[in-house]
Amino acid sequence: MALPSTISIGQRIKAYEDERGFSHLMLAQRAGVSYSLLTKVVTNKLPPTPGFINAVARALGVEPADLMPAPTYSDGMPADPLVPLMGPIRTALDLFDLPPQEGIRPRTLGALRTAVKQINALAQAAEYKPMCRMLPGLIAELHTAAHEFTGEQQRDAWGLLAETYRCGHSVGIAIGMTDLSATALARMDWAAQRAGDRAPGLRAAREYLRVTAYLREQDLDACRRLQAAGRAHLEGTDPKTPGALVVTGQLHLGSAVVAARSGDKDLMEHHLGEAGRVAAVTGETGDFSLHFGATNVGVHRVMTLVESGQHAKAVVAAKTVRFPAGWAPTRIGHHHIDLARANFWLARPEAALDHLDAAYEVAPQQASRHPLVRETVTGLARSTGRRNARLSTWIVRSGV
């Protein structure tokens, strides 16, 4: 059983116990340690000795290292394996206003487009480690291209740089570094302003993305202000403006979520209807890596029904959702996270776990880190009299 590296020794012992069907008493007897000591270690009331760890590991049939948590920083926070990769990203974001680095020779515009598509696909699949390793170098290369190219190619390079900065937001939100997310989106806007006719769409998309952090903080007034700012960027555009229709539809979807959270079901339905009308014109499109279309409208209908407490309707609405080939794994994963929430509130714990498993299958790094998963798993743990192996796995996996 693969366990997250950041959980405690007690959580690891409990997870292995559940997997093997052991009670505390059975494990204590097999390991030759006292029941009282085992209970105190599992509940983090006593630190384990090396001898204790070795005895329990033998009884569980694992290596002693399997019971050891990951190292922590001096403030006691767990050392997320992605954190060491943030240094070069922060540097790339901070040095945006310096001249290009010497010795960088950017690839052709076509090759750069392919690279930007690739890194955004990694972000949308929650493949954060390879994305983070690729991001600083691609930012540096696009930064150079944006300064060295001329004419329309230069404007295209600025647009590609804006889309690449967005990936810093993706990982920042995922690992709880909202300051990194905010900086990345500020750089996205800086580059987007230089992107010619793509500027309005990119700048509006940036405002849509900024909403993410404020939704997590339940600051709905800030969300509304950002959505208004996004719509303002699109004033004076027409359907021929790159991305304008797509971002208009996406802003309606974001507004529907905010309306649902505030309990305004009529406004929620209005924005879903407007997004649906835009989707009828655009069809399914990945423009600006937003994956807008009828599918996303259907997914947001389910999400907003959950957010507004209409859980049974959300489960019914989900039956009509079909994902096109190549659709963003993180969007599919979030859809299953929403359905896990709905089924939890409908007192269907096994169905909730089914959807958590589905979310993990398509985007494991997203499912392991998402705060809505932790909220759902916490609720399941508190409401279930006896934990089964699946629930125990999720308790460990989500760090509850």
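Below is a summary of the structure that appears in this document. Computed from a prediction, not measured in an experiment: that's the story for all the values here.

So, the environment of Pro48
Okay, step 1: Positionally, Pro48 belongs in the loop between α3 (35-42) and α4 (50-60).
Okay, step 2: Sequence-distant contacts of Pro48, defined by excluding residues within four places in its chain, comprise Ile9, Val41 and Ile53.

Thoughts on the packing of aromatic side chains
The description of an aromatic ring pair uses the distance of the two centres, along with the angle that the planes make with each other.
Okay, step 1: All told, the structure shown has five aromatic pairs when counted by the stated rule.
Okay, step 2: Ring centres of Trp158 and Trp190 lie 5.2 Å apart, and the angle between their planes is 90°; this geometry places the pair in the edge-to-face category. Within this pair, whereas Trp158 is found in helix α8 (residues 151-174), its partner Trp190 is found in helix α9 (residues 178-192), the two being separated by 32 residues in sequence. The same class applies to Trp158 as to Trp190, namely buried.

Digging into the nonpolar core
Okay, step 1: With 81 residues, the main nonpolar core has Met86, Met131, Leu161, Tyr165, Val171, Met188 and Val247 as its most contacted residues.
Okay, step 2: If sequence neighbours within four positions are ignored, Met86 has contacts with Cys132, Val171, Ile175, Met177 and Leu180.
Okay, step 3: Counting residues in each nonpolar core, the second largest holds 20 residues, with Tyr16, Ala28, Ala31 and Val33 among its members.

Comments concerning the environment of Ile337
Okay, step 1: One can find Ile337 in helix α16 (residues 329-345).
Okay, step 2: By relative accessible area, which is 0% here, Ile337 ends up buried.
Okay, step 3: Along the chain, Ile337 and Leu372 lie 35 residues apart, while their C-alpha atoms are 7.2 Å from each other.
Okay, step 4: With near-sequence residues (within four places) excluded, Ile337 lies in contact with Ala359, His370, Leu372 and Val373.

Some thoughts on the packing of α16 against helix α19 (residues 371-383)
Okay, step 1: For the pair α16 and α19, the least separation of the axes is 10 Å and the interaxial angle reads 25°. The orientation of α16 relative to α19 falls into the category roughly parallel. Once α16 is placed against α19, the crossing between them reads as left-handed. For the pair α16 and α19, contact is made by His334, Ile337, Asp338, Ala340, Arg341 and Phe344 and by Leu372, Val373, Glu375, Thr376, Gly379, Leu380 and Ser383, respectively.

With respect to unusual backbone geometry
Okay, step 1: The backbone of Ser289 shows a phi angle near 60°, a positive value even though the residue is not glycine.
Okay, step 2: A positive phi angle, close to 50°, is found at His291, a residue other than glycine.
Okay, step 3: Considering the arrangement of structural elements, one finds His291 in the loop between α13 (265-282) and α14 (294-307).

Conventions adopted
- Residues numbered from 1 in each chain as written.
- Predicted model: local features only at pLDDT ≥ 70, side-chain atom pairs only at ≥ 80, totals over all residues.
- Heavy atoms only, no water.
- Helix = DSSP H or I, 4+ residues; strand = E, 2+ residues; numbered from the N terminus.
- Contact = heavy atoms within 4.5 Å.
- Phe/Tyr/Trp six-rings, centres within 6.5 Å; stacked < 30°, edge-to-face > 60°.
- Buried < 20%, exposed > 50% of the residue type's maximum accessible area, 1.4 Å probe, protein only.
- Core = buried A, V, L, I, M, F, W, Y, C linked by side-chain atoms within 4.5 Å.
- Axes fitted to C-alpha atoms, helices over the stretch in contact; angles between N-to-C directions.
- Parallel < 35°, antiparallel > 145°, perpendicular 65-115°, else oblique.
- Left-handed = near helix turned anticlockwise from the far one by under 90°.

Purely spatial values, then, with no claim about function.
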